[in-house]
Amino acid sequence: MQPLIDHARSFGRRPEDFASLAQGQSPQVLFVTCSDSRVVPALITGARPGELFELRTAGNIVPPYVCGRPTSEAATVEYAVDVLGVTEIVVCGHSHCGAVGALVRGEDLTAVPAVRDWLAQAGTPSETPDDDPAVAEAVQNHVLAQLLRLRAYPCVRRALTAGQLRLHGWYYEVHTGAVRAHSPDTDSFEAL
C-alpha cells in the first residue's frame with residue numbers, strides 16, 4: 001500500500017496539469033471491462049484523464065435492461081450515451097478471466113453468493129476445454145453476448161439507429177498485452 005500512497009502524494013504536485021479537467025468531461029468512448037486489476041483501460045488505450053468513460057463489472061457483464069429496475073450499469077450506459085454523447089462503446093474481455101472461467105468450469109460458488117448470483121446473469125459461455133487457462137474462446141463469445149445485451153438498451157438502440165454510435169468487441173491478453181478486435185466480416189477476433 002505504501003507505494004500507492006507515495007504516488008498519490010506526489011501525483012497532485014502540478015495542479016496546472018489538471019485544471020482543465022474541472023471544466024467537465026467529454027469522452028468519446030465508453031469502455032466496458034472487467035474489474036480485474038490486470039486490466040487497466042488507460043494503460044491499454046493510452047487514454048489521458050477525461051478521454052474514457054469506464055464501466056467496470058465482475059466479468060464485464062452488462063446485465064439485461066429491465067425497464068423500471070435501475071442498475072448502476074444501466075445508469076452508466078445511459079449517462080454515457082444520452083448525456084456525454086459518446087460515439088463509441090468498447091466491451092473488452094480478457095484472457096484468464098476468473099468470472100468466465102468459473103462459468104465455463106461450472107465452479108461451485110456457494111461460498112460467494114453475491115458473485116454466484118451476479119455471474120448467473122451472464123448465462124453460460126460456449127464450452128472451452130478445461131485445460132485452456134486463458135478461456136479465450138469463451139471470453140470472446142462472452143464479449144459478443146454483452147454487445148447484444150447493450151443493443152437492447154433503449155439509449156443504445158436509439159443512438160445506433162441514428163448512426164451516432166458504434167459498438168466494438170475487444171479481447172485483451174493479459175499475458176502478452178495484445179489486443180484483438182472482433183471483425184463482423186470474418187466473425188473472428190483479429191489483431192488491432
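Residues numbered from 1 in each chain as written. Predicted model: local features only at pLDDT ≥ 70, side-chain atom pairs only at ≥ 80, totals over all residues. Heavy atoms only, no water.

Asker: Provide a residue-level description of the side chain of Gln146, including the pertinent values.
Answerer: Within the secondary structure, Gln146 sits in helix α6 (residues 136-151). Accessibility expressed as a relative area gives 0% for Gln146, which makes it buried. Separated by 2.8 Å, the side chain of Gln146 and the backbone nitrogen of Val62 make a polar contact. Sequence-distant contacts of Gln146, defined by excluding residues within four places in its chain, comprise Asn60, Ile61, Val62 and Val91. (Helix = DSSP H or I, 4+ residues; strand = E, 2+ residues; numbered from the N terminus. Buried < 20%, exposed > 50% of the residue type's maximum accessible area, 1.4 Å probe, protein only. Polar contact = N/O pair within 3.5 Å; in protein donor to acceptor, adjacent residues only side chain to side chain. Contact = heavy atoms within 4.5 Å.)

Asker: For the pattern of salt bridges, give the residues involved together with the corresponding values.
Answerer: Inspection of every chain in the model, using the stated rule, returns six salt bridges. For the salt bridge of Glu173 with Arg180, the shortest nitrogen-to-oxygen distance reads 3.8 Å. (Salt bridge = Lys/Arg side-chain N within 4 Å of Asp/Glu carboxyl O.)

Asker: So what's going on with the sheet that holds strand β3 (residues 88-94)? Which residues, and what values?
Answerer: Strands sit in the order β2-β1-β3-β4-β5-β6 across an open sheet of six strands; the sheet is mixed. Both edges of this open sheet fall to β2 (52-57) and β6 (188-191), since each of them pairs with a single strand only. Neighbouring strand axes in the sheet, compared pairwise and without regard to direction, differ in orientation by 30° on average. Relative to strand β5 (residues 179-183), strand β4 (residues 166-172) runs antiparallel, the two being bridged by three bridges. Each residue of the ladder has a partner; that of Trp170, found in β5, is Ala181. (Pairing = 2+ DSSP bridges. Axes fitted to C-alpha atoms, helices over the stretch in contact; angles between N-to-C directions.)

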